[in-house]
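# Residue-level structural notes
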Amino acid sequence: MARDIPTSRRAVLLAIFIAFVNSLKELSVTGFLFGYDMGVISGCLIMPDFIRRFGQEGTDGQYYLSSSRQSIIVSLLSVGGAIAQAFTSDRLGRRGSILFWSAIFTVGVAIQTGTTYSLVQLVIGRYIAGLGVGSLSAIVPLYNGETAPKAIRGTILVIYQVQIISGIFLSYLFELGSHTIDNSASWRTPIGLQMVWGIILLSGMFFLPESPRHLLGTGRGDEARKVVAELNGVPEDDRLVIEIVEELDFAIRAENEGGKATWQECFSTRNALWRRTMNGMMLQFIQQLNGQNFYYYYGDTFFQSAALRLMEFGSHNDRLSPYVIQTILGAVSVIGTVPALYFIETWGRRKSLLLGASGQAICALIVAVVGHTTLAPTGTPTSALTARNRAGGDVVITFAIFQVFVYGTTWGPTPWVYLGESFPLRVRPKSIALGSATNWFWNFMLSFFSPRIVDQIGPMIMLVFFGMLVFGYIYVYFAIPETKGLTLEEVDELYRSGIAPWRSVGWRPSEKHYHRGAQEKRTSDFVENS
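Here we summarise the structure given alongside this text.

## Quick look at the pattern of salt bridges
Taken as a whole, this structure holds 8 salt bridges when the rule is applied. With a shortest N-O distance of 2.3 Å, aspartate 222 and arginine 225 are connected by a salt bridge. Note that aspartate 222 and arginine 225 are positioned in helix H10 (residues 221-232) at a spacing of 3 residues, about one turn of the helix. Its relative accessible area of 56% is what places aspartate 222 among the exposed residues. It is possible to trace a salt-bridge network through shared partners that takes in Asp49, Arg52 and Arg53.

Take a look at the structure:
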């Protein structure tokens, strides 16, 4: 097995940039484009000019956005194309695919920004942008997983999540400043800024290398050696480069013996591919139903129920602005992702998920019970709040913030890390696409149906998330093996070994992933041709 790859400054910088690519993922919780977009739309929904242009006029002459229109505007981004990247990542390459979908995303943003009064144009723009950002949400972990040294692969994939949360937080900051503008600039400015992020991504990708695994898989060995050497800061004839390329080449040849991969193969019994695909999809499913999205959608109600006041801002009777609430939650999420950079490689994947599920489940249960029994009905005047209401609100707020923090440290980044490092090259694009599509599907379901559920049961919706977190703990314990510190090729052997997931911590490969004779022959051929 090739020795641990040096932590090249260029490799880290490239990974940070490519993680930035994907920041616009989704409003509520989870690279930079990935998070910014949904973060920005949530604030637009309560801006007067936005409501006047895309809402409905009530019987009292006031404009409003009905829950159905809000659901459509928010959720259509999640109908995008996480699956679509599987058709381009091999044909165009990882790098070419990112360029293509970045352009699609930028076009979608331009359509949204140019909207005047047409709700149809707005949602079409969001759908097109969703195609781009949905595909990026799948291709970026794929690219990072294939280019990052194994010693820092988990950390680099966590950086992807840090950028997602940073995108959400930055969108909240922009809207905190723009929401006071009394014309369309209040929402056009933060939405239009997404074109800047898209152009930065498009420009920067021209300077990034193609994935060495993809280059080898398409017969471009010389280019692959050059990229491996560049990413690791060593000469092309360095022994490290030779070992890495040989190991990758042997693994790719073995994977491709059966012909072209199909979608059905993602669920085949060969090399336990069905287990890997299901694990990736299940982690994304559980992640979306952790409960953190609910806080981003409805955190303002909880905060206002506790009668929090703005300190030293205006009248002492002013309630905490929803934009300030969003900013607080965004800041807590960003802070929570910082420890994940350390814990993902020290705790490992399993421990992060198990501890995260336990901590969040406790928080969700407390919020559900305390919120249901102590919070005053929404809209209750501050003067009518009792001491019990205020104390209950304080408890709800405290554990809501703590749950968002725990999520950012554990379940926010870890499913993406696991998704990016679990599959052989042969089916990697398709399997990652299935995992990302699962994430987007359940984000759509949650954003579309949450308002209706909350109307019926209020804070007790957190019991649903509590149950999902308990299920998540059980699933991780019995189904998710530890992959910390393993190369992507060693992950193959881990699954083939049949070791029980709860005994996989500390597992090490038993043998090299390519035959010694074949290795020596290819080494000799390489030296002779150099």
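What follows continues from the structure just given.
## Digging into the packing of helix H5 (residues 93-113) against helix H8 (residues 185-205)
Relative to each other, H5 and H8 sit at 160°, their axes nearing to 9 Å. One finds that H5 runs roughly antiparallel with respect to H8. In this structure, H5 meets H8 at a crossing whose hand is left-handed. Residues Arg95, Ile98, Leu99, Ser102, Ala103, Phe105, Thr106, Val109, Ala110, Gln112 and Thr113 of H5 lie in contact with H8, whose contacting residues are Trp187, Arg188, Ile191, Gly192, Gln194, Met195, Gly198, Ile199, Leu201, Leu202 and Met205. Taken together, the residues of the contact of H5 with H8 break down into 13 nonpolar, 7 polar and 2 charged.

## Thoughts on the packing of aromatic side chains
For the coordinates displayed, the defined rule picks out 15 aromatic pairs. Here phenylalanine 54 and tryptophan 187 contribute two aromatic rings whose centre-to-centre distance is 5.5 Å and whose plane-to-plane angle is 75°, an arrangement assigned as edge-to-face. With phenylalanine 54 in helix H3 (residues 48-54) and tryptophan 187 in helix H8, this residue pair connects regions lying 133 residues apart in the sequence. In this structure, phenylalanine 54 and tryptophan 187 share a single accessibility class: buried. Pairwise contacts between aromatic rings join Phe50, Phe54 and Trp187 into one cluster. Here the basic side chain of arginine 53 rests over the ring of tyrosine 117, its NZ or CZ set 4.8 Å away from the ring centre. The side chain of arginine 350 reaches across the aromatic face of tyrosine 477, ending 5.5 Å from its centre.

## Quick look at the side chain of glutamine 284
With respect to the helices and strands, glutamine 284 occurs in helix H12 (residues 273-288). For glutamine 284, a relative accessible area of 0% corresponds to the buried category.

## As for the environment of arginine 213
Mapped onto the fold, arginine 213 is located in helix H9 (residues 212-217). With relative accessibility at 11%, the residue arginine 213 sits in the buried group. Distance from arginine 213 to alanine 224, taken between C-alpha atoms, is 7.3 Å for residues 11 residues apart in sequence.

Criteria and cut-off values
- Residues numbered from 1 in each chain as written.
- Predicted model: local features only at pLDDT ≥ 70, side-chain atom pairs only at ≥ 80, totals over all residues.
- Heavy atoms only, no water.
- Salt bridge = Lys/Arg side-chain N within 4 Å of Asp/Glu carboxyl O.
- Helix = DSSP H or I, 4+ residues; strand = E, 2+ residues; numbered from the N terminus.
- Buried < 20%, exposed > 50% of the residue type's maximum accessible area, 1.4 Å probe, protein only.
- Axes fitted to C-alpha atoms, helices over the stretch in contact; angles between N-to-C directions.
- Parallel < 35°, antiparallel > 145°, perpendicular 65-115°, else oblique.
- Left-handed = near helix turned anticlockwise from the far one by under 90°.
- Contact = heavy atoms within 4.5 Å.
- Nonpolar A, V, L, I, M, F, W, Y, C, P; charged D, E, K, R; others polar.
- Phe/Tyr/Trp six-rings, centres within 6.5 Å; stacked < 30°, edge-to-face > 60°.
- Lys NZ or Arg CZ within 6 Å of the ring centre and 35° of its normal.

Don't take any of this as a statement about function, it's just geometry.
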